[in-house]
Amino acid sequence: MTNEYLIFFAAIIYTLLPAYLANMAPVLAQKLEVLPFLKKPIDGGHQLNGKDILGPGKTWRGLVVGVFVSTAVVFLQSIFQYFHFLEEIRLIDYFSLNWLLFGILAGLGALGGDIAKSFAKRRININSGDAWPVFDQLDFVLGFFLLTYTQVQWTEVIFWPALIITLAGHPITNIIGYYFKIKKVWW
Ligand code: CTP
Ligand code: MG
């Protein structure tokens, strides 16, 4: 019984892995200073009614590396399925999907969710980098589900546990990132 829960938990993480790693990629890219020519704000530094449209935290580099990482992860997941690797925790049939399209949509969804959230944060006067609890944690997962829904008809049995696991797991990964000085703030 306990084992079944553990497998389900691992399966949710495995399914969301393209989104999780896409969401971490911009922070790592910033830390490692990769693709410096893409380190330009998506909003071009423009404002809307005296407030940043998105703010300096949303760059083209983050978007590009995020989509690249999610696509690479989905590619690997398809390869793993071919070799029957990690079959116990696989929830979706990667062969029935176009891995390239699914990977790109997963990354665009994750990073797009994050961008949409920043847009909303600026409108309600939350400064770039300041916390907006729950929305900061779930933005990328919601974006992932929304855009990939065109490829996989996600059910509530996956959706709600995914949100809860992400909410619960987020502080842990952030604190690890902060500890290793990858992230500037612990949230
Ligand atoms: N990042 C990026 N491009 C993106 C998303 C994130 O370059 N599209 C990088 C930025 O260096 C950013 C960091 O990842 O500072 C952390 O991302 P996030 O917490 O989403 O952004 P914040 O800086 O906190 O900005 P906001 O308040 O708008 O969420
Ligand atoms: Mg932030």
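Residues numbered from 1 in each chain as written. Chains lettered and ligands numbered in written order. Predicted model: local features only at pLDDT ≥ 70, side-chain atom pairs only at ≥ 80, totals over all residues. Heavy atoms only, no water.

## Concerning the packing of aromatic side chains
Step number 1: In this structure the tally under the stated criterion is 12 aromatic pairs.
Step number 2: Judged by centre distance (4.9 Å) and plane angle (55 degrees), the rings of Phe75 and Trp99 are tilted. Residue Phe75 is found in helix 2 (residues 60-82), and its partner Trp99 is found in helix 3 (residues 99-123); the two are separated by 24 residues along the sequence.
Step number 3: Classification of Trp99 as partly exposed rests on a relative accessible area of 34%.
Step number 4: A ring pair is formed by Phe80 and Phe85, whose centres lie 4.8 Å apart and whose planes are at 90 degrees; its orientation type is edge-to-face.
Step number 5: Classification of Phe80 as partly exposed rests on a relative accessible area of 25%. (Phe/Tyr/Trp six-rings, centres within 6.5 Å; stacked < 30°, edge-to-face > 60°. Helix = DSSP H or I, 4+ residues; strand = E, 2+ residues; numbered from the N terminus. Buried < 20%, exposed > 50% of the residue type's maximum accessible area, 1.4 Å probe, protein only.)

## Looking at the site of ligand 1
Step number 1: In the vicinity of ligand 1, 18 residues are found, and the nearest of them are Lys58, Thr59, Ser118, Arg122 and Gly129.
Step number 2: Here an oxygen atom of ligand 1 and a side-chain polar atom of Lys117 are 3.3 Å apart.
Step number 3: Contact with the protein chains covers 83% of the free accessible surface of ligand 1, which is 580 Å².
Step number 4: If you tally residues by element for the shell around ligand 1, the top one is helix 3, at six residues. (Near = heavy atom within 4 Å. Polar contact = N/O pair within 3.5 Å; in protein donor to acceptor, adjacent residues only side chain to side chain. Areas by Shrake-Rupley, 256 points an atom, 1.4 Å probe, with all protein chains shown as cover.)

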